[in-house]
Amino acid sequence: MATLNQHPIRLSILGTPKVGQEVEIRVLIGHPMETGYRLGEGGNDRIPKNIIENIVIKLNQQVLMNADLGTGIAANPLLSIFVEVPKDGGMISVEWRDDLGKQGRAEKMLLAI
Amino acid sequence: MNILKCFSVLFFIVFSYHLPAQVIRQSGNQFLSPEMLKLQNDPNGNPTVLWIDQGQELWNANCVKCHQEIKELASAVVRYPILKSKLGQASKVWNIEDQIIDCFGKISQESLSTEHQNVLALSIFLSDAAKGMPIHVDEPNIKKDKQLWQEQMIQGAAIYTRRQGRLNLSCTQCHDQNIGKNLRSDIVSPAYLTGFPIYRQSWQTVGSIDRRLRACYSGVQATVPSTQSSELRALELFLKKRSEGMLWDGPSIRR
């Protein structure tokens, strides 16, 4: 059986990308976001902490957002930011890393009209 | 053409008075808060899309060899649960997750649980493909199976109306008699089975129909049946038959 990507990611751009206008960039990441406070089946063992520590959204290698997430964020985090569309559009990229060292990234072209 | 239109309107006006008063059956989605409904209908924010993506991946890797048409297989979502007998075993009620587990067993010789990530991903993928199909649970043609099917249906109805647990409540007391009222901060919705598996925010993950029903049992502090037990299947069969003709909502989100 094929092994699944444990942390699927969806990057979407909402709105019409007209130059000078704002579009919404949304990131949805499949991640358990374990706080480390929950107890397991037996009621004794703590479920180990597993939190996304840092997310960076870039437009043409220029940082738009750099967020440090904590234990207060629910599982499968959905983040969104608004960006003004530059003259030639560009490449939107998202990178995240969690405290276990796992990483993920996604890219999408922002085509200006 | 115009005359025909006039006639059909007249026909409708005359005869609609004679239609029996119908119970309007509403899917659980109509009881969501506006914010939740917005999230449900948003393909870029609805968390179930993550599972749909994974399901697509699994489908392409494992299922395409035997099943060519996704639409064809997705129609099973609205037909199940059905009576099925494995070789040398008595007939049992099977739901879609049982079928997926059985298929995975054939491929990789391992038995998965209903809450396994792969099972849920594939179940959600099929459920999404079945969106908009009318639910149609049919009784089997074979005479022997027919009797068993009816027994299961009666058992399901009995469970639905049976008081149980420390709260001494039956399903019907909330899900028929108190629809639309508040239960803690949630609104009680009627028990129609139109969109599973569900993403529940309190679980922070996706769960199968088994998990949802077991949560109901534990909610009234009754003895919780084990997953894939015949009791849960009988109840599911009854609930699905109750939703006969309603349109399938696809994977849904709940609080």
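How each quantity is defined
Residues numbered from 1 in each chain as written. Chains lettered and ligands numbered in written order. Predicted model: local features only at pLDDT ≥ 70, side-chain atom pairs only at ≥ 80, totals over all residues. Heavy atoms only, no water. Pairing = 2+ DSSP bridges. Helix = DSSP H or I, 4+ residues; strand = E, 2+ residues; numbered from the N terminus. Axes fitted to C-alpha atoms, helices over the stretch in contact; angles between N-to-C directions. Parallel < 35°, antiparallel > 145°, perpendicular 65-115°, else oblique. Contact = heavy atoms within 4.5 Å. Nonpolar A, V, L, I, M, F, W, Y, C, P; charged D, E, K, R; others polar. Expected span 1.5 Å × (residues − 1). Buried < 20%, exposed > 50% of the residue type's maximum accessible area, 1.4 Å probe, protein only. Buried area = accessible area lost by both parts, 1.4 Å probe. Salt bridge = Lys/Arg side-chain N within 4 Å of Asp/Glu carboxyl O. pLDDT = per-residue confidence, 0-100. Phe/Tyr/Trp six-rings, centres within 6.5 Å; stacked < 30°, edge-to-face > 60°.

## Focus: the pairing of strand β6 (residues 90-98) of chain A
The two faces of the sheet receive side chains in turn, since in a regular strand these alternate between them. Residue and element names in this part refer to chain A. In terms of strand pairing, strand β3 (residues 52-59) meets β6 through seven bridges, oriented antiparallel. Along β6, the bridge assignment pairs Ile-52 with Asp-98. Across eight bridges, the pairing between β6 and strand β7 (residues 103-110) is antiparallel. Each bridged residue has a counterpart across the sheet, and for Ser-93 the counterpart in β7 is Glu-107.

## A few points about the packing of helix α9 (residues 209-219) of chain B against helix α10 (residues 230-242) of chain B
Residues and elements named next belong to chain B. Here α9 crosses α10 at 100 degrees, and the two axes come no closer than 11 Å. In terms of their interaxial angle, α9 and α10 are classed as roughly perpendicular. Each of Ile-209, Asp-210, Leu-213, Arg-214 and Tyr-217 in α9 lies in contact with α10, whose residues at this interface are Glu-231, Leu-232, Arg-233, Leu-235, Glu-236 and Leu-239. Of the residues assigned to the contact of α9 with α10, the class counts are six nonpolar, no polar and five charged.

## Thoughts on α10(B)
Residue and element names in this part refer to chain B. Helix length check: α10, at 13 residues, gives a terminal C-alpha distance of 18 Å against a target of 18 Å (1.5 Å per residue), a fit within 8%. Counting buried residues along α10, ten of its 13 residues qualify, which places the element largely inside the surrounding structure. Of the residues making up α10, those classed as buried are Leu-232, Arg-233, Ala-234, Leu-235, Glu-236, Leu-237, Phe-238, Leu-239, Lys-240 and Arg-242. Taken together, the buried residues of α10 touch α4 (70-79), β2 (92-94), α5 (96-108), α7 (143-161) and α9.

## Focus on the pairing of strand β4 (residues 62-68) of chain A
Residues and elements named next belong to chain A. With six bridges connecting them, β3 and β4 associate as antiparallel partners. Of the residues in β4, the one forming a bridge with Lys-58 is Val-63. The antiparallel pairing of β3 with β4 creates a hairpin that spans two residues between the two strands, and Asn-60 there sits at a positive phi of about 55 degrees.

## Regarding the environment of B:Gly28
Residues and elements named next belong to chain B. With respect to the helices, strands and loops of the structure, Gly-28 is situated in the loop between α1 (2-16) and α2 (34-40). We classify Gly-28 as buried; its relative accessible area is 7%. Among residues more than four places away in sequence, those in contact with Gly-28 are Ser-189, Thr-194 and Arg-254.

## Concerning the interface of chain B and chain A
Counting residues at the interface gives 24 residues for chain B and 20 residues for chain A. For the pair chain B and chain A, the summed buried area comes to about 1,700 Å², and 55% of that belongs to carbon and sulfur atoms. Viewed at the interface, chain A and chain B are joined by two salt bridges. The residue B:Asp53 makes a salt bridge to A:Arg10 at a minimum N-O spacing of 3.0 Å. When contributions to the side of chain B that touches chain A are tallied by element, the ones reaching two or more residues are α3 (48-63), α5 and α6 (117-129) of chain B. Of all the elements, α3(B) adds the most residues to the side of chain B that touches chain A, at nine residues. Counted by class, the side of chain B that touches chain A contains eleven nonpolar, nine polar and four charged residues.

## Topic: the confidence of the model for chain B
Residues and elements named next belong to chain B. On average, residues of chain B carry a pLDDT of 88, and 91% of them reach 70 or more. Low confidence marks residues 16-20, where pLDDT is under 50. Its contacts with residues over four positions away, or in another chain, come to zero contacts. Interface scoring of the predicted complex returns ipTM 0.87; its pTM is 0.87.

## Some details on the packing of aromatic side chains
All names here are of chain B. A full pass over the atoms with the stated rule returns three aromatic pairs over all chains. Seen in terms of ring centroids, Trp-59 and Phe-125 are 5.8 Å apart; in terms of plane orientation they differ by 50 degrees. Their pairing is tilted. Of this pair, Trp-59 sits in helix α3 while Phe-125 sits in helix α6; the two residues are 66 residues apart in sequence, bridging distant segments of the chain. Relative accessible area serves as the criterion here: at 5%, Trp-59 is assigned to the buried category.

## Some details on the sheet that holds β6(A)
Residues and elements named next belong to chain A. Strand order in the open sheet formed by four strands is β4-β3-β6-β7, with antiparallel pairing between adjacent strands. Two strands close off the open sheet at either side, each with one partner strand: β4 and β7. Going across the sheet, the axis of each strand differs from the next one's by a mean of 10 degrees, ignoring polarity.

## Quick notes on the side chain of B:Ser27
Topologically, B:Ser27 is positioned in the loop between α1 and α2. For B:Ser27, the residues in contact, after removing those within four places along its chain, are B:Thr194, B:Met246 and B:Asp249.

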